[in-house]
Each structure stands twice: as C-alpha cells, then as structure tokens.
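The residues making up each chain are set out below.
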Amino acid sequence: MRTKFKAWTVPYIEEHKEVMFEEEQLLNFDKPYYLEIGSGKGQFLVDMAKKFPDKFFVGIERNVTCCGFTAKKLVEEQLPNARLMFLNAEFLMDKIADNSIEAIFLNFSDPWPKKKHHKRRLTADSYLKNYYRVLKKGGRLIIKTDNVDLFTFTLENLENSDFKLVFKTDDYQDYDPFDTMTEYEKSFRDEGVPIHRIILEK
C-alpha cells in the first residue's frame, strides 16, 4: 500500500540530521552494523535498536513520508544505536566495501508483480551478488515477505548464488529472538496472512 504524502516529513528530516546518515558517513563508518533495506515507517529499525542496544542498526528508505515517520520515532526514542538514510539503496550498494556488514534485512519488500519488473526485485541475481559481497563471512541475509511469488522467486535464484540456505518457511511462527515485527507484519498476522521467511548465510 502506497503511503500518502505528508508535507511535514520533508522539513522534519532536514531539522533532525542527528538521526540521519549521509552516504559518506555510512561509507566511512568503521563499526559493525546491521542494515535494513526498505525501513518503511521504522518500527522494525526502532524495536531492534531498543532490543539490542549493543548493536548498531542502519535503515535505508527511499519514500520521504515513510522516512519522516521513522525519523520522528528515532528522535522520540533518542536511540544512539540507530540511524536512517533517505535514498534509494540501489545507488548505494555498489559503493559499500566488501565484507563490511553483519547482516542485511529485507522486510516485506516491493514484490514487483509484473514479470518485466522482476529484475527490480531486491532478491534478483544482481542484488544477491552485491549482498554476498558486502556481508562479512558468516553474515546473513534475512528476508520476510507475505508474497508467495517473491518467496518462490528468491529460492529459485539461490541456484545462481553463493549463499548457503540456513532457514526457510512459508508459515513463520516460531519467532526468532533476533527479530521483531514490522508494521506490515503485524497487520498481516492480524488478518491471518502467512509470513514467509528465508535466512541465507555467506
């Protein structure tokens, strides 16, 4: 569901640079970090940072309104271990250093249902290769989706990938301690929609 534009979010992001990362800051960041691509309104990012205060989380979001909602949550919670980036991850991934990220989260990514758009899916071959490159040895790519087609597409693409499949389920119930729910996930679970999950390891 497309988020309706909220005009307040643009100046809010500008006024609260303390919770934002610019591209150069991430590329020069020298501490271990966990990356969420497509942070939405930020509940996952915020809750993971609160749950694991010893770990550093970075969220990337290209929708300015979603970014504004996330920034507001980060400001209110005053979390020292979470930052947000307002940009398209596609333009950043090629610049990230090899073997530099602890884990990458893809939570309810756009499924791009039309076949001609499948190359835009965040688990297309080109993306998987980049994730593998930037993850540390033993690093994980952790995926959740409600979309059966995207789930199947991702598993099929593993044939062309160096990733090791650690876990997969088409009905994610036994909650992983290193996880928390997104806004979408809570809504889907309330409606009885099955959640699909995949964990890949470098």
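What you see is a predicted model; the values in this text were computed from it and never measured. (Residues numbered from 1 in each chain as written. Predicted model: local features only at pLDDT ≥ 70, side-chain atom pairs only at ≥ 80, totals over all residues. Heavy atoms only, no water.)

## Quick word on the overall build of the protein chain
Each helix and strand in the protein chain was counted, giving seven helices and seven strands. The linear arrangement of helices and strands in the protein chain, starting from the amino end, is α-α-β-α-β-α-β-β-α-β-α-β-α-β. In terms of overall size, the protein chain behaves like a compact globule, its C-alpha atoms giving a radius of gyration of 16 Å where 202 residues would be expected to give roughly 17 Å. Based on the C-alpha atoms only, the size of the protein chain along its principal axes is roughly 45 × 40 × 35 Å. Evaluated residue by residue, the protein chain yields a buried proportion of 50% over its 202 residues. Contacts spanning at least 24 positions in sequence make up 80% of the contacts within the protein chain whose residues lie at least 6 apart. Only carbon and sulfur atoms are counted for the fraction: they give 51% of the accessible area of the protein chain, which is about 10,700 Å². Side-chain charges in the protein chain split into 32 positive and 34 negative, and the spacing between the mean points of these groups amounts to 3 Å. (Helix = DSSP H or I, 4+ residues; strand = E, 2+ residues; numbered from the N terminus. Rg over C-alpha atoms; globule rule 2.2 N^0.38 Å. Buried < 20%, exposed > 50% of the residue type's maximum accessible area, 1.4 Å probe, protein only. Contact = heavy atoms within 4.5 Å. Areas by Shrake-Rupley, 256 points an atom, 1.4 Å probe, with all protein chains shown as cover. Lys, Arg positive; Asp, Glu negative; His and termini not counted. Charge placed at Lys NZ, Arg CZ, Asp CG, Glu CD.)

## Section: the layout of surface pockets
Its boundaries defined by the atoms lining it, the largest pocket holds a volume of some 1,300 Å³. In this structure, the largest pocket is lined by 35 residues; those nearest its centre are E61, F108, S109, D110 and Y184. Those elements that place two or more of their residues in the lining of the largest pocket are β1 (34-37), β2 (57-61) and α7 (183-190). The element contributing the most residues to the lining of the largest pocket is α7, with four residues. When grouped by side-chain class, the residues that make up the lining of the largest pocket number 14 nonpolar, 11 polar and 10 charged. (1 Å grid on protein atoms, 1.4 Å probe; cavity = no way out; pocket = protein on both sides within 12 Å on 5 of 7 lines; lining within 4 Å. Points joined across faces, edges and corners; volume = space filled by probe spheres on them. Nonpolar A, V, L, I, M, F, W, Y, C, P; charged D, E, K, R; others polar.)

## Points about the environment of L84
Position of L84 relative to the elements: it lies in strand β3 (residues 82-86). Exposure remark for L84: the relative accessible area of 0% places this residue in the buried category. Between the C-alpha atom of L84 and that of M20, which follows or precedes it by 64 residues, the distance is 4.7 Å. Once residues within four sequence positions are removed from consideration, L84 is found in contact with V19, M20, F21, S39, G59, E61, C67, T70, A71 and L74.

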